[in-house]
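Read off the chains here:
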Amino acid sequence: MTTTSTIPPIGFGTFGRTGPEGIEALLSALETGYRHLDTAQSYGTEAECGEALRRSGLAREDVFLTTKITGDNCQSGKLIRSLRQSNDTIGVDRVDLALIHWPVSPTGKLPMAEYLAELAEAQTAGLTRLIGVSNFTIADLMEAESILGEGRLATNQFERHPLLQNHKLVDFCRSRGIAVTCYLPLARGACAGIAEIEAIAGAHNATVHQIALAYSLNQGLIVIPTSGRRDRIAENFAAGAIRLSPAELERIGRLDCGARQIDPVWGPAWD
Ligand SMILES: NC(=O)c1ccc[n+]([C@@H]2O[C@H](COP(=O)([O-])OP(=O)(O)OC[C@H]3O[C@@H](n4cnc5c(N)ncnc54)[C@H](OP(=O)(O)O)[C@@H]3O)[C@@H](O)[C@H]2O)c1
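What this report covers is the structure whose coordinates are included nearby. Predicted, not measured: the structure shown is a model, and the values here were computed from it. (Residues numbered from 1 in each chain as written. Predicted model: local features only at pLDDT ≥ 70, side-chain atom pairs only at ≥ 80, totals over all residues. Heavy atoms only, no water.)

1. So, the overall build of the chain
Within the chain one finds 11 helices and 10 strands. On C-alpha atoms alone, the chain measures out to a radius of gyration of 18 Å, which is about the 18 Å that the 2.2 N^0.38 rule sets for 271 residues. Within the span of the chain, comprising 271 residues, buried residues form 52% of the whole. For the chain, the proportion of contacts with a sequence separation of at least 24, taken over those separated by at least 6, is 75%. For the chain, the computed accessible surface area is about 11,300 Å², with 51% contributed by carbon and sulfur atoms. When the 25 basic and 31 acidic side-chain charges of the chain are each reduced to a single mean position, those positions are 1 Å apart. (Helix = DSSP H or I, 4+ residues; strand = E, 2+ residues; numbered from the N terminus. Rg over C-alpha atoms; globule rule 2.2 N^0.38 Å. Buried < 20%, exposed > 50% of the residue type's maximum accessible area, 1.4 Å probe, protein only. Contact = heavy atoms within 4.5 Å. Areas by Shrake-Rupley, 256 points an atom, 1.4 Å probe, with all protein chains shown as cover. Lys, Arg positive; Asp, Glu negative; His and termini not counted. Charge placed at Lys NZ, Arg CZ, Asp CG, Glu CD.)

2. Points about the site of the ligand
Neighbouring the ligand are 27 residues, the closest being Asp38, Ser134, Arg188, Ser227 and Arg232. Between the ligand and the protein, one listed contact pairs a nitrogen atom with a side-chain N or O atom of tyrosine 43 at 3.3 Å. Note that an oxygen atom of the ligand is positioned 2.8 Å from one of the side-chain N or O atoms of arginine 232. Look at the ligand: alone it shows 910 Å² of surface, and the protein chains cover 85% of it. According to the grid-proximity analysis, the pocket containing the ligand is the largest pocket. Top contributing element to the shell around the ligand by residue count: helix 10 (residues 230-238), with three residues. For the shell around the ligand, a count of residues per class yields 10 nonpolar, 11 polar and six charged. (Near = heavy atom within 4 Å. Polar contact = N/O pair within 3.5 Å; in protein donor to acceptor, adjacent residues only side chain to side chain. 1 Å grid on protein atoms, 1.4 Å probe; cavity = no way out; pocket = protein on both sides within 12 Å on 5 of 7 lines; lining within 4 Å. Sits in = over half its atoms within 2 Å of the grid points. Nonpolar A, V, L, I, M, F, W, Y, C, P; charged D, E, K, R; others polar.)

3. Some words on the environment of leucine 221
Within the secondary structure layout, leucine 221 lies in the loop between helix 9 (208-217) and strand 10 (222-223). Given a relative accessible area of 3%, leucine 221 falls into the buried group. With 108 residues separating them in the primary sequence, leucine 221 and alanine 113 have C-alpha atoms 28 Å apart. With residues near it in sequence (within four places) discarded, leucine 221 still touches Pro9, Arg160, Val170, Arg174, Val180, Cys182 and Ser216.

4. Details of the packing of aromatic side chains
With the rule as written, the count across this model stands at five aromatic pairs. Here phenylalanine 15 and tyrosine 43 contribute two aromatic rings whose centre-to-centre distance is 5.2 Å and whose plane-to-plane angle is 80°, an arrangement assigned as edge-to-face. Taken as a pair, phenylalanine 15 in the loop between strand 1 (12-13) and helix 2 (19-32) and tyrosine 43 in the loop between strand 2 (36-38) and helix 3 (46-56) lie far apart in primary sequence, 28 residues in all. For phenylalanine 15, a relative accessible area of 53% translates into the label exposed. Tyrosine 43 gets classed as buried once you look at its relative accessible area, which sits at 17%. Taken together, the ring pairs in this structure connect Phe12, Tyr34 and Phe237 into an aromatic cluster. (Phe/Tyr/Trp six-rings, centres within 6.5 Å; stacked < 30°, edge-to-face > 60°.)

5. What about the packing of helix 8 (residues 195-203) against helix 11 (residues 246-253)?
The interhelical angle for the contact between helix 8 and helix 11, taken along N-to-C directions, is 155°, at an axis separation of 10 Å. Considering the angle they form, helix 8 stands roughly antiparallel to helix 11. Remark: the crossing between helix 8 and helix 11 carries left-handed chirality. Residue-level inspection shows Glu196, Ala199, Ile200 and Ala203 of helix 8 in contact with helix 11, the latter providing Glu248, Arg251 and Ile252. (Axes fitted to C-alpha atoms, helices over the stretch in contact; angles between N-to-C directions. Parallel < 35°, antiparallel > 145°, perpendicular 65-115°, else oblique. Left-handed = near helix turned anticlockwise from the far one by under 90°.)

6. A short note on the pairing of strand 3 (residues 64-69)
It is a general feature of regular strands that their side chains alternate between the two faces of the sheet. Among the six residues that make up strand 3, six are buried, leaving the element largely enclosed by the rest of the structure. Where burial is concerned, the two faces of strand 3 agree: the one with Phe64, Thr66 and Lys68 and the one with Leu65, Thr67 and Ile69 are both buried. Bridging between strand 2 and strand 3 involves three bridges; their strand directions are parallel. The partner of histidine 36 across the bridge, within strand 3, is phenylalanine 64. With respect to chirality, the unit in which strand 2 leads through helix 3 into the neighbouring parallel strand 3 is right-handed. One ladder, built from four bridges, connects strand 3 with strand 4 (residues 95-100); its direction is parallel. Of the residues in strand 4, the one forming a bridge with threonine 66 is leucine 97. Since strand 3 and strand 4 lie parallel, the crossover through helix 4 (residues 79-90) that links them has a hand, and here it is right-handed. (Pairing = 2+ DSSP bridges. Right-handed = clockwise from strand over helix to strand, strands pointing away.)

See below:
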């Protein structure tokens, strides 16, 4: 089984889903059928994920849990302790996937050999089933593979949607068997009003937001949209059933305009 097939292709993003309203949204996602929650140490939603999972009545093994290690914890001696803390906060023995959130921090590049060695140790210790990275460039991925060896990284999670298609990075990940997880897969709603996508949505009796998700899903990529609204949570999940034709995929492919939304000044030198 490949890692792409072990990570449910539609996950629920949890950035901003804090407190009782956040738990309600997460519970609504689980009731709708999502079986993959994406949290991070920096989101303040790890406890909400655990609470929603328990309230849902679903078995632990039926829900894929991802968390991300924040930059401050990407040092030897800190990462494992922080992941134990994340597991305790969620209320599980282990997560399914632990990612390095960023290869850089506001103060510069993080020590990759140190944090990857400890991430691999965390996996061996059973604190996470799979390991991976986020916001890694091709150069970062090559460096990571030189440290860990090929085949260890389950995924690279980065911004990807019809308006920022990141072809080079997607192709590189594919060539290395690293699953692509698309964050901001809805471009935070920016696909609304784009004539090509509106037309394709009309042909499928779907919304532009569903087409944005279907675009990445139909290419075998993983998407992690979020919403605080029950109707949109369901609408986004239903995008999993949409099959776009090769011609439609090609038309959307032409809309790439490099419209990156997450671009901190201290961020990596993107591909
Ligand atoms: N690894 C990283 O560095 C990183 C960075 C950013 C995000 N992420 C992950 O990616 C997840 C998704 O990113 P995101 O939330 O920023 O972007 P997104 O999923 O592309 O967009 C979410 C926004 O779109 C709106 N929306 C959702 N469904 C909609 C629909 N069907 N119709 C119209 N509007 C809709 C939501 O508003 P309403 O709530 O009002 O519906 C929300 O404002 C995050 O939750 C997080 O888990 C990871």
